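As a plain string of letters, each chain reads:
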Amino acid sequence: MNAELEYIIIDGASNDGTVDIICEFESQFGDCLKWISEPDKGIYDAMNKGIEMATGDVIGILNSDDFYTSNDCLATIVNEFSLDNNLDATYGDIHFVNDNNLNKCVRYYSSKLFRPWMMRFGMMPAHPSFYCKREIYKRYGVFNIEYKIGADFENLLRLIFKNHIKTVYISKDFVTMRTGGVSTDGLQARIRIMQEHIKAFKANGIYSNRLILSLRYIYKIYELIRK
């Protein structure tokens, strides 16, 4: 394994055989692999644990059941950071698939058109493609676990919109995601997202409202038509 990479696995005390799989492959990774299995307070608490354990310069998060779309994703990200020492974070594209056909795209989420001002409308770059310097998390904070479904948006709002970190878009599909995640789970999830977006704006002293946030669904319709 590449000594430049650090693999951190955060397991929430599962009983589905995950720990057995980790132990089976642990020797292949050597010192590059760290892992814990213990109860947590949700996905954002788990993410914070991973960030806290990380010692590398750049941190990215790959969620359960997601996988890299191609073998050169991490090399592409490393190359981008090597080109600009002042770069704080990168992001790119992702796509969604169904369990019954992992090769068929059901939704393509491109961050190409994203600009920081769009966050006022509730839009953000694809978070699974977001890779950020560890020092940025230390300076501006990690995920607020008071949010059950929108802590990724609040974190990016705080980093990109409020504190103006330097980011760059990479035109590449980085992550393949299965549908059915916590943020795509029906009407109740949409309502919760709206509530937590409003909460995030208030917490960071940024004005927005439900009407403004609703306008982002026009773009989502365009995204589906383009797909």
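The structure we're discussing is the one just above.
Basis of the calculations
- Residues numbered from 1 in each chain as written.
- Predicted model: local features only at pLDDT ≥ 70, side-chain atom pairs only at ≥ 80, totals over all residues.
- Heavy atoms only, no water.
- Helix = DSSP H or I, 4+ residues; strand = E, 2+ residues; numbered from the N terminus.
- Buried < 20%, exposed > 50% of the residue type's maximum accessible area, 1.4 Å probe, protein only.
- Lys, Arg positive; Asp, Glu negative; His and termini not counted.
- Salt bridge = Lys/Arg side-chain N within 4 Å of Asp/Glu carboxyl O.
- Contact = heavy atoms within 4.5 Å.
- Phe/Tyr/Trp six-rings, centres within 6.5 Å; stacked < 30°, edge-to-face > 60°.

Colleague: Just to check I follow, could you spell out the side chain of D45 for this structure?
Modeller: Its place among the elements puts D45 in helix α2 (residues 43-53). Buried charge without a salt bridge: D45, with K49 as the nearest opposite-charge side chain at an N-O distance of 4.2 Å. Look past the residues within four positions of D45 in its chain and what remains in contact with it is D40 and I145.

Colleague: What exactly am I supposed to notice about unusual backbone geometry here?
Modeller: Most peptide bonds adopt trans geometry, and most residues besides glycine take a negative phi value. Positive phi is not limited to glycine here, since A13 has a value of about 60 degrees. Inspection of the secondary structure assignment puts A13 in the loop between β1 (7-11) and α1 (18-29). In this model, H164 sits at a positive phi of 55 degrees, which is unusual for a non-glycine residue. Here H164 lies in the loop between α5 (151-162) and β8 (167-178).

Colleague: I would appreciate a short explanation of the packing of aromatic side chains in the present structure.
Modeller: All told, the structure shown has 7 aromatic pairs when counted by the stated rule. Geometrically, the ring pair formed by W117 and F121 is edge-to-face, given 6.1 Å between the ring centres and 80 degrees between the ring planes. Summarising the aromatic geometry, the rings of Y137 and F143 are spaced 6.4 Å apart at their centres and angled 40 degrees between planes, so their arrangement reads as tilted. For the pair Y137 and F143, a shared accessibility class is recorded, and that class is buried. Feature note: the residues Y44, Y137 and F143 constitute an aromatic cluster, connected by ring pairs.

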